[in-house]
Amino acid sequence: MKIGALKESYEGEARVSVTPSSAVHLQKLGHEVHVESGAGVRAGFSDAAYEAAGVTVQPNAAALIGAVDVVVKVRAPSEGELRQMRRSQTLISHFWPAQNPDLLELAREQGVTAIAMDMVPRISRAQKMDALSSMANIAGYRAVIEAANNFGRFFTGQVTAAGKVPPAKVLVVGAGVAGLAAIGAAVSLGAQVYAFDVRPEVAEQIESMGAEFVYLDFQDQTQDGAATGGYAAPSSPEFREKQLEKFRELAPDMDIVITTALIPGRDAPKLWTGDMVAAMKNGSVIIDLAAERGGNCDLTVPDERVVTENGVIIIGYTDFPSRMGAQASELYGNNIRHMLTDLTPGKDGIIVQNMEDDVIRGATVTFDGDVTWPPPPPKVQ
Ligand code: NAD
């Protein structure tokens, strides 16, 4: 089949869905690879680099969509992109079906098979295609780099002739994929790292990374940490109160707070309140990774850097993976090629849309003129 990567139309997006190296793998599956001219430039991949990898460069989006059977991209498609697609073509990209019901309907109407990278189930076998995790890992790392760049002090403690410097204190709230990446990066920069999660089973992992798990004085922490498929369940009001009480106690002492708390399908829980921000020291930094879903901090403004009256910097950027466009494209390109590997079982360039396969079924949101989202729960965990 012919697989083609579109140039991202979302302003400022630096990622690309196929890299020269992932294109080589796709060709080994028997596919022919195309790319829209300039698609990889912001991630550091020139048209010439694609051509050297055996890829055909198409002059524009219309020519690319016209030439291929499978269109791949990073962000959810625009309405215009979907309208240019034809019956029986396949689209593989993020889709966010819950947030984009109109796009879902349009994909169905167009007769397009849409495979949503954000709907890949979080089961072991699908880890290699799990784009949410590969992007969250980058976001967690980059959140620490952004915090360090905005913090006017060292992360690591030092004893110098000019004076003793204490290590920065970093609190990570939510220790899922992004949170664990943030913990790893902050520990490696020498900070004293604390982390909290409603799922107590992550305590051991946090401590093995050299951070300290923040325990609550709560009788039955497990009742709130009950998790399904690596995700948390909502907290009870009593638990939440205990959590906020603990955060109020920690706020004056923390230099950096990185929040990543999320329960899928819900708005981000408000966990870092205005009074906590007011209690923080001048020059402290909050990086709110949940900004796109409303933010974990009351004062976060999505895509903005805000400085409060007491000098606390609050960053709500929603494009951390794009800020590391080369790395993000490399990992997303790998997620896409693994998805296409599963879709090409014979390695003969023939795509088989096996709706009995948990991963393919879970990610497919429109197929054969129907909306196929939400999927049934996966058979294997
Ligand atoms: P994840 O599901 O792996 O982790 C979320 C963690 O939050 C889980 O461990 C969960 O137990 C925990 N949690 C839920 N409710 C909590 C609460 N009340 N208190 C403490 N912890 C709580 O998710 P992820 O893949 O790590 O993504 C984390 C966040 O980062 C998401 O909001 C995601 O949208 C965001 N993200 C942002 C960017 C960006 O550029 N800003 C990029 C990628 C991901």
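The structure this text deals with has already been given above.
Each value, and the rule that gives it
- Residues numbered from 1 in each chain as written.
- Predicted model: local features only at pLDDT ≥ 70, side-chain atom pairs only at ≥ 80, totals over all residues.
- Helix = DSSP H or I, 4+ residues; strand = E, 2+ residues; numbered from the N terminus.
- Rg over C-alpha atoms; globule rule 2.2 N^0.38 Å.
- Buried ≥ 20, exposed ≤ 12 C-beta atoms within 10 Å, placed from the backbone.
- Axes fitted to C-alpha atoms, helices over the stretch in contact; angles between N-to-C directions.
- Parallel < 35°, antiparallel > 145°, perpendicular 65-115°, else oblique.
- Contact = placed C-beta atoms within 7 Å.
- Nonpolar A, V, L, I, M, F, W, Y, C, P; charged D, E, K, R; others polar.
- Pairing = 2+ DSSP bridges.
- Right-handed = clockwise from strand over helix to strand, strands pointing away.
- Left-handed = near helix turned anticlockwise from the far one by under 90°.
- Arc of directions from axis to C-beta.

## Comments concerning the overall build of the protein chain
Here is step 1 of the chain: A count of helices and strands for the protein chain gives 14 helices and 19 strands.
Here is step 2 of the chain: For 381 residues, the compact-globule estimate of 2.2 N^0.38 gives 21 Å, and the C-alpha radius of gyration of the protein chain, at 22 Å, lies within 12% of that figure.
Here is step 3 of the chain: In terms of its C-alpha atoms, the protein chain occupies a principal-axis envelope of roughly 60 × 50 × 35 Å.
Here is step 4 of the chain: Expressed as a percentage of the 381 residues in the protein chain, the buried residues total 46%.

## Considerations on the packing of helix α1 (residues 20-28) against helix α13 (residues 325-343)
Here is step 1 of the chain: Orientation of α1 relative to α13, taken along the N-to-C sense of each, is 5°, at an axis distance of 9 Å. Our classification of the angle between α1 and α13 gives roughly parallel. Together, Ser22, His25 and Leu26 of α1 and Gly333, Asn334, Ile336, Arg337 and Leu340 of α13 make up the contact between the two elements.
Here is step 2 of the chain: Of the residues belonging to the contact of α1 with α13, the class tally is three nonpolar, four polar and one charged.

## What to know about the pairing of strand β5 (residues 90-93)
A regular strand places its side chains so that they alternate between the two faces of the sheet.
Here is step 1 of the chain: Neither face of β5 is exposed, since Thr90 and Ile92 on one face and Leu91 and Ser93 on the opposite face are all buried.
Here is step 2 of the chain: As judged from the three bridges shared by strand β4 (residues 70-72) and β5, these two strands associate in the parallel manner. Within the sheet, the bridge partner assigned to Val71 lies in β5 and is Leu91.
Here is step 3 of the chain: Following the backbone out of β4, through helix α4 (residues 79-84) and into the adjacent parallel β5, one traces a crossover that is right-handed.
Here is step 4 of the chain: Relative to strand β6 (residues 113-116), β5 runs parallel, the two sharing four bridges. Residue pairing across strands places Thr90 opposite Thr113, the latter belonging to β6.
Here is step 5 of the chain: Running through helix α5 (residues 101-110), the crossover from β5 to the neighbouring parallel element β6 is right-handed.

## Let's talk about the environment of Phe95
Here is step 1 of the chain: One can find Phe95 in the loop between β5 and α5.
Here is step 2 of the chain: On the basis of neighbour count, Phe95 is assigned to the buried category, with 25 C-beta atoms found within 10 Å.
Here is step 3 of the chain: A sequence separation of 268 residues divides Phe95 from Ala363, and the C-alpha atoms of the two residues are 9.7 Å apart.
Here is step 4 of the chain: Among all residues touching Phe95, those that are not within four sequence positions of it are Ala76, Asn100, Ala114, Ala116, Asp118 and Val365.

## Digging into the sheet that holds β5
Here is step 1 of the chain: Within the open sheet, the eight strands sit side by side as β3-β2-β1-β4-β5-β6-β18-β19. Their pairing is mixed. Only two strands of the sheet have a single neighbouring strand rather than two, namely β3 (56-58) and β19 (370-371).
Here is step 2 of the chain: Relative to β19, strand β18 (residues 364-367) is paired through two bridges, and the arrangement is antiparallel. Residue pairing across strands places Phe367 opposite Asp370, the latter belonging to β19.

## Here's the deal with the packing of helix α6 (residues 131-150) against α13
Here is step 1 of the chain: Here α6 crosses α13 at 165°, and the two axes come no closer than 9 Å. Considered as vectors, α6 and α13 are oriented roughly antiparallel to each other. Every pair of crossing elements has a handedness; the one defined by α6 and α13 is right-handed. Contacts between α6 and α13 involve Ala131, Ser134, Met135 and Ile138 from the first element and Gln327, Ala328, Leu331, Tyr332 and Asn335 from the second.
Here is step 2 of the chain: Residues that form the contact of α6 with α13 fall into these classes: six nonpolar, three polar and no charged.

## Re the sheet that holds strand β9 (residues 169-173)
Here is step 1 of the chain: Strand order in the open sheet formed by seven strands is β11-β10-β9-β14-β15-β17-β16, and the pairing between neighbours is mixed. The open sheet has two edge strands with one neighbour each: β11 (212-213) and β16 (305-307).
Here is step 2 of the chain: For β16 and strand β17 (residues 313-315), the ladder comprises three bridges, and the chain directions are antiparallel. Looking at β17, one finds that Val307 is bridged to Ile313.
Here is step 3 of the chain: Along the sheet face, helix α7 (residues 177-188) touches β9, β10 (192-196) and β14 (256-259) and points at about 165° away from the line of β10.

## A look at α5
Think of an α-helix as 3.6 residues a turn; residues three or four steps apart then line up on the same face.
Here is step 1 of the chain: Considered for burial, the residues of α5 that qualify are Leu103, Leu104 and Ala107. Down the axis of α5, the sector holding all buried residues measures 105°, keeping them to one side. Among the exposed residues of α5, those pointing more than 90 degrees away from its buried face are Pro101, Asp102 and Glu105.
Here is step 2 of the chain: Where α5 is buried, its residues contact α4, β5, β6, β18 and β19.

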